[in-house]
Amino acid sequence: MASAITTLAADAPTLSAANTGFMLICSALVMLMTPGLAFFYGGMVRVKSSLNMLMMSFISLGIVTILWVLYGFSLAFGTDSGSIIGWSSDYVGLSGIGITELWDGYTIPVYVFAVFQLMFAVITPALISGALADRVKFSAWALFSALWVTVVYFPVAHWVWGAGGWLFELGVIDFAGGTAVHINAGAAALGVILVIGKRVGFKRDPMRPHSLPLVMLGAGLLWFGWFGFNAGSWLGNDDGVGAVMFVNTQVATAAAMLAWLVYEKLRHGSFTTLGAASGAVAGLVAITPSGGSCSPLGAIAIGAIAGLACAMAVGLKYKFGYDDSLDVVGVHLVGGVIGSLLVGFFATGGVQSDAAGLFYGGGLEQLGKQAIGVFSVLAYSLVVSAILAFLLDKTIGMRVTEDDEVSGIDQVEHAETAYDFSGAGGGASSRSTASHAPAAAASKKVDA
């Protein structure tokens, strides 16, 4: 008995300084993605809305951080209750956690795991904001964000990643957030815009990006930070899986960007910077759930499929009449669905787990599990988000007035403007001509 106890003690994980340091760096990279997203979105709107767009991302760093410490981490990763939600009193306020206490089964402290997952929670509601550009009260958005992470993100994170969560136990593969982050945010965006309606001038006025350099800067920061987002999700560096995910992240993103640009050239006759940036993000989204289970060749295929599909999907808002301002549905929802489902085809069975997809002899079993995960999260987020938006709209009101929207939400909501032209002799105009559909001009955002 003594020898058995000694063996168990020897096999127990011990704190790894290397893995802890790596995960702290990854957490910082994921944090950088939220300002990157702010720049990405902020450049895509008209001048009069750019500060508001930046603030809709930045406020998430404040609101979600506090809620995560108070109760969010406990709800998402506490002791399972009914496979639906977690709760651990020690995690409330992060007050009952020892500084060297390890996350169960890993070599990093609980504090490190908590802060890494916090950054995921921060960026997810920020993703939604792009669909609502130009027309939402900042106070209503802040309250919506707080309610949404509480009743949607925290429970869904537990379903997907929490020990005992029903999708986790089912065997749904979501390496870094295809369902919990991207489908969740994309479906929420669709639910909210169906409630609050279209921008003034949708389909009539040209709504082009005011600063494509800002868009490209934001895309670059997102691409850079995404290596922490994806490679860090293995929570260590001991077996090479994180390294495969790092490579696949780069490969899929490159393939998606190229596929989007080829589609754009064939469909509209131009290679646009906006298309390059959006294609890269589509690839990042699609590889997020799948990159830990596929080979680099599979990552090329996943990225190319996502780039092409998302480039086609961004035009659906004009066909169906929903005003998804910055294509959150077309890129994050569609890209997340594609990346999650393609696990069922491209999982090799030799990277993060032995689950194999259809193309590697695994049959349809994993595809079926992936479909359950995709459509359950999509449906839950869509419905609950629409209900939240409806309740807020009927109580405090979600939208600014039509006059305020036309005059500019930055001045109305923040008493500021992004650019001061008073010393430039007046009459300066920030106007961009690029869009996803150069001929149609409708595909994305807006001029000043």
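Nothing here was measured: the structure is a model prediction, and the numbers come from that model.

### Some thoughts on the overall build of the protein
Here's step 1: Along the backbone of the protein there are 16 helices and 2 strands.
Here's step 2: Taken against the 2.2 N^0.38 rule, which gives 22 Å for 448 residues, the C-alpha radius of gyration of the protein at 22 Å falls within 12% of a compact globule.
Here's step 3: When the backbone C-alpha atoms are referred to their principal axes, the protein occupies close to 85 × 45 × 40 Å.
Here's step 4: In the protein, buried positions account for 58% of the 448 residues.
Here's step 5: In the protein, once contacts between residues fewer than 6 apart in sequence are set aside, the share between residues at least 24 apart is 77%.
Here's step 6: Put simply, the protein shows about 16500 Å² of open surface, and 67% of that area lies on carbon and sulfur atoms.
Here's step 7: One finds the centroid of the 19 positive side-chain charges in the protein at a distance of 17 Å from the centroid of its 27 negative side-chain charges.

### Concerning empty space enclosed by the protein
Here's step 1: Taken as a whole and assessed by the stated rule, the structure comprises 2 cavities of 30 Å³ or more.
Here's step 2: Computed from the structure, the second largest cavity encloses a volume of approximately 30 Å³.
Here's step 3: In terms of lining, the second largest cavity is formed by Met 33, Leu 37, Ile 123, Leu 127, His 182, Leu 222, Trp 226, Phe 229 and His 332.
Here's step 4: Of all elements in the fold, only helix H2 (17-44), helix H4 (110-129) and helix H8 (212-231) reach the threshold of two or more residues within the lining of the second largest cavity.
Here's step 5: The leading source of residues in the lining of the second largest cavity is H8, at 3 residues.
Here's step 6: Grouping the constituent residues of the lining of the second largest cavity by class yields 7 nonpolar, 2 polar and no charged.

### Observations regarding the layout of surface pockets
Here's step 1: Estimates place the volume of the largest pocket at around 820 Å³.
Here's step 2: Elements that contribute at least two residues to the lining of the largest pocket include exactly strand S1 (79-81), H4 and helix H5 (138-161).
Here's step 3: Here the lining of the largest pocket takes 3 residues from H4, the largest share from any one element.
Here's step 4: Taken together, the residues of the lining of the largest pocket break down into 17 nonpolar, 9 polar and 4 charged.

### What to know about the packing of helix H7 (residues 178-196) against helix H14 (residues 365-395)
Here's step 1: Contact geometry for H7 and H14: axes closest at 7 Å, N-to-C directions at 40°. The angle between the axes of H7 and H14 places the two elements in the oblique class. The crossing of H7 and H14 is right-handed. Contacts between H7 and H14 involve Thr 179, Ile 183, Asn 184, Ala 187, Ala 188, Leu 190, Gly 191, Val 192 and Val 195 from the first element and Gly 373, Val 374, Val 377, Leu 378, Ser 381, Leu 382, Ser 385, Ala 386, Ala 389 and Phe 390 from the second.
Here's step 2: Taken together, the residues of the contact of H7 with H14 break down into 13 nonpolar, 6 polar and no charged.

### Re the environment of Leu 102
Here's step 1: Topologically, Leu 102 is positioned in the loop between strand S2 (85-87) and H4.
Here's step 2: Note on Leu 102: relative accessible area 24%, which makes it partly exposed.
Here's step 3: The spacing of Leu 102 and Ala 304 is 202 residues in sequence and 39 Å in space, taken between C-alpha atoms.
Here's step 4: Ignoring any residue separated from it by four or fewer positions in sequence, one finds Leu 102 in contact with Pro 13, Thr 14, Leu 15, Thr 107, Ile 108, Pro 109 and Val 110.

### Looking at the environment of Phe 58
Here's step 1: Residue placement: Phe 58 occurs in helix H3 (residues 50-77).
Here's step 2: Residues Phe 58 and Leu 37, 21 residues apart in the sequence, show an inter-C-alpha distance of 9.3 Å.
Here's step 3: Phe 58 has contacts with Pro 35 and Ala 38, leaving out every residue within four places of it along the chain.

### Let's talk about the nonpolar core
Here's step 1: In terms of nonpolar packing, the biggest core is built from 112 residues, with Phe 40, Phe 73, Leu 132 and Tyr 153 touching the most fellow members.
Here's step 2: Counting residues per element, this core draws most heavily on H5, which supplies 16 residues.
Here's step 3: The contacts of Tyr 153, once residues within four sequence positions are left out, are Phe 120, Ala 121, Thr 124, Trp 148, Trp 161, Ala 180, Val 181 and Asn 184.
Here's step 4: Ranked by size, the runner-up nonpolar core spans 10 residues in total, among them Ala 252, Cys 294, Ala 299 and Ala 306.

### So, H3
Here's step 1: Over its 28 residues, H3 extends only 36 Å from the first C-alpha to the last, a length that falls short of the 40 Å expected when each residue adds 1.5 Å.
Here's step 2: Remark: the principal bend of H3, roughly 70°, maps to Trp 68.

### Some thoughts on the packing of aromatic side chains
Here's step 1: Tallied over the entire structure, the rule returns 26 aromatic pairs.
Here's step 2: For the pair Trp 68 and Phe 73, a centre-to-centre distance of 5.7 Å together with 50° between the ring planes defines the contact as tilted. As far as burial versus exposure is concerned, Trp 68 and Phe 73 are alike and both buried.
Here's step 3: Summarising the aromatic geometry, the rings of Trp 141 and Phe 144 are spaced 5.8 Å apart at their centres and angled 25° between planes, so their arrangement reads as stacked.

### Here we look at the confidence of the model for the protein
Here's step 1: Considering every residue of the protein, the mean pLDDT works out to 92; 92% of them sit at 70 or more.
Here's step 2: Note on residues 426-448: pLDDT under 50 across the span, and 77 contacts to partners over four residues away in sequence or across chains.

The rules behind these values
- Residues numbered from 1 in each chain as written.
- Predicted model: local features only at pLDDT ≥ 70, side-chain atom pairs only at ≥ 80, totals over all residues.
- Heavy atoms only, no water.
- Helix = DSSP H or I, 4+ residues; strand = E, 2+ residues; numbered from the N terminus.
- Rg over C-alpha atoms; globule rule 2.2 N^0.38 Å.
- Buried < 20%, exposed > 50% of the residue type's maximum accessible area, 1.4 Å probe, protein only.
- Contact = heavy atoms within 4.5 Å.
- Areas by Shrake-Rupley, 256 points an atom, 1.4 Å probe, with all protein chains shown as cover.
- Lys, Arg positive; Asp, Glu negative; His and termini not counted.
- Charge placed at Lys NZ, Arg CZ, Asp CG, Glu CD.
- 1 Å grid on protein atoms, 1.4 Å probe; cavity = no way out; pocket = protein on both sides within 12 Å on 5 of 7 lines; lining within 4 Å.
- Points joined across faces, edges and corners; volume = space filled by probe spheres on them.
- Nonpolar A, V, L, I, M, F, W, Y, C, P; charged D, E, K, R; others polar.
- Axes fitted to C-alpha atoms, helices over the stretch in contact; angles between N-to-C directions.
- Parallel < 35°, antiparallel > 145°, perpendicular 65-115°, else oblique.
- Left-handed = near helix turned anticlockwise from the far one by under 90°.
- Core = buried A, V, L, I, M, F, W, Y, C linked by side-chain atoms within 4.5 Å.
- Expected span 1.5 Å × (residues − 1).
- Bend = angle between axes of the 7 residues up to and from the residue.
- Phe/Tyr/Trp six-rings, centres within 6.5 Å; stacked < 30°, edge-to-face > 60°.
- pLDDT = per-residue confidence, 0-100.

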